[in-house]
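# Coordinate inspection notes
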Amino acid sequence: MIKFLLMVNKQGQTRLSKYYEQVELGKRAALEADVVRGCLARRKEECSFVEYKDYKLVYRQYAALFIVVGITENENELSIFELVHNFVEVLDKYFSRVSELDIMFNLDKVHIILDEMILNGHIVETNKNRILAPLLALDKMVES
């Protein structure tokens with residue numbers, strides 16, 4: 001099960017955070033700081049799977065952004081690794097070469113995409129067209 005997903009830049013600033021279990025706000029900040037520090041300190045040659053406390057972390061770097069997913073022990077790391085890549089491909093398809101600024105200024109749309117892909121910590125959709133359909137319908141309504 002997916003416990004959380006973080007998107008951070010190279011400076012360690014959180015651009016997106018989504019939790020699928022209850023975590024107190026004070027603990028979130030400490031958790032994010034530890035997780036981000038641990039992932040940013042790793043070299044590119046090192047494995048993208050890290051054990052951290054009660055979680056396994058799966059992370060992937062895209063340009064200046066890191067996407068970090070905290071999962072339970074029984075979750076498949078490779079499927080989550082591919083989910084992260086699929087998430088970025090969906091963002092690229094919608095934003096036409098997604099950037100950190102796209103995420104910052106369209107956080108609501110990024111959350112809609114993420115909610116279409118993951119529900120209660122479980123992967124529910126991976127088809128790019130089905131993921132984007134509600135968002136494209138919303139865009140059509142706004143235009144008219």
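One structure accompanies this document, and this report is about it.

The rules we used
- Residues numbered from 1 in each chain as written.
- Predicted model: local features only at pLDDT ≥ 70, side-chain atom pairs only at ≥ 80, totals over all residues.
- Heavy atoms only, no water.
- Axes fitted to C-alpha atoms, helices over the stretch in contact; angles between N-to-C directions.
- Helix = DSSP H or I, 4+ residues; strand = E, 2+ residues; numbered from the N terminus.
- Left-handed = near helix turned anticlockwise from the far one by under 90°.
- Contact = heavy atoms within 4.5 Å.
- Parallel < 35°, antiparallel > 145°, perpendicular 65-115°, else oblique.
- Nonpolar A, V, L, I, M, F, W, Y, C, P; charged D, E, K, R; others polar.
- Buried < 20%, exposed > 50% of the residue type's maximum accessible area, 1.4 Å probe, protein only.
- Pairing = 2+ DSSP bridges.
- Patch = residues over 30% accessible without salt bridge, like charges linked within 9 Å, V, L, I, M, F, W, Y side chains within 5 Å.
- Areas by Shrake-Rupley, 256 points an atom, 1.4 Å probe, with all protein chains shown as cover.
- Salt bridge = Lys/Arg side-chain N within 4 Å of Asp/Glu carboxyl O.
- Core = buried A, V, L, I, M, F, W, Y, C linked by side-chain atoms within 4.5 Å.
- Expected span 1.5 Å × (residues − 1).
- Bend = angle between axes of the 7 residues up to and from the residue.
- Polar contact = N/O pair within 3.5 Å; in protein donor to acceptor, adjacent residues only side chain to side chain.
- Arc of directions from axis to C-beta.

Where helix α4 (residues 107-117) contacts helix α5 (residues 128-143), the two axes come as close as 8 Å, and the packing angle between them is 145°. The two elements α4 and α5 cross, and the hand of that crossing is right-handed. Here K109, I112, I113, E116 and M117 of α4 lie close against α5, whose contacting residues are R130, I131, L132, P134, L135, L138 and D139.

In this section: the packing of helix α2 (residues 77-95) against α4. Two numbers describe how α2 lies on α4: the axes approach to 11 Å, and their chain directions differ by 135°. Here α4 runs oblique to α2, going by the angle between their axes. Every pair of crossing elements has a handedness; the one defined by α2 and α4 is right-handed. Seen from α2, the contacting residues are L83, N86, F87, V90, L91, Y94 and F95; seen from α4, they are K109, V110, I113, L114 and M117. Within the contact of α2 with α4, the residues separate by chemical class into 10 nonpolar, one polar and one charged.

Moving on, we come to the pairing of strand β4 (residues 55-62). Extensive coverage of β4 is indicated by the burial of six of its eight residues. Between strand β3 (residues 49-52) and β4, which pair antiparallel one after the other, the connecting turn spans two residues, and K53 there sits at a positive phi close to 45°. Bridge count between β4 and strand β5 (residues 65-71): seven bridges; the pairing is antiparallel. The partner of R60 across the bridge, within β5, is I67.

What follows covers a nonpolar patch on the surface. A cluster of nonpolar side chains, namely L101, M104 and F105, defines an oily patch on the protein surface of about 330 Å² accessible area. If you trace the backbone, F105 turns up in helix α3 (residues 100-105).

Turning to the nonpolar core, a few remarks are in order. Ranked by size, the top nonpolar core spans 29 residues in total, and within it I2, M7, I67, V69, F87, I113 and I118 carry the most contacts. Contributing elements (two or more residues each) for this core: β1 (2-9), β5, α2, α4 and α5. At 10 residues, α2 tops the list of elements feeding residues into this core. With residues near it in sequence (within four places) discarded, I67 still touches L5, L6, M7, V58, Y59, R60, Y62, V84, F87 and V88. Core analysis: the second largest hydrophobic core is formed by 16 residues, V23, V35, C39 and Y55 among them.

The next subject is α5. Over its 16 residues, α5 extends 22 Å from the first C-alpha to the last, a length consistent with the 22 Å expected when each residue adds 1.5 Å. Within α5, the axis deviates most sharply at P134, by approximately 35°. Among all positions in α5, only I131, L132, L135 and D139 are buried. Along its buried surface, α5 packs onto α2 and α4. Residue N127 occupies the N-cap position of α5, its side-chain oxygen lying 2.9 Å from the main-chain nitrogen of N129.

Helical periodicity: at 3.6 residues per turn, an α-helix aligns residues three or four positions apart in one direction. Listed as buried for α4 are V110, I113, L114 and M117. Along the axis of α4, the buried positions cluster into a sector of 95°, meaning they face one direction only.

Turning our eyes to something else, we now look at unusual backbone geometry. Trans peptide bonds make up most of the peptide bonds, and negative phi angles are found at most residues other than glycine. Even without being a glycine, K53 presents a positive backbone phi close to 45°. What makes K53 exposed here is its relative accessible area of 69%. Positive phi is not limited to glycine here, since S96 has a value of about 55°.

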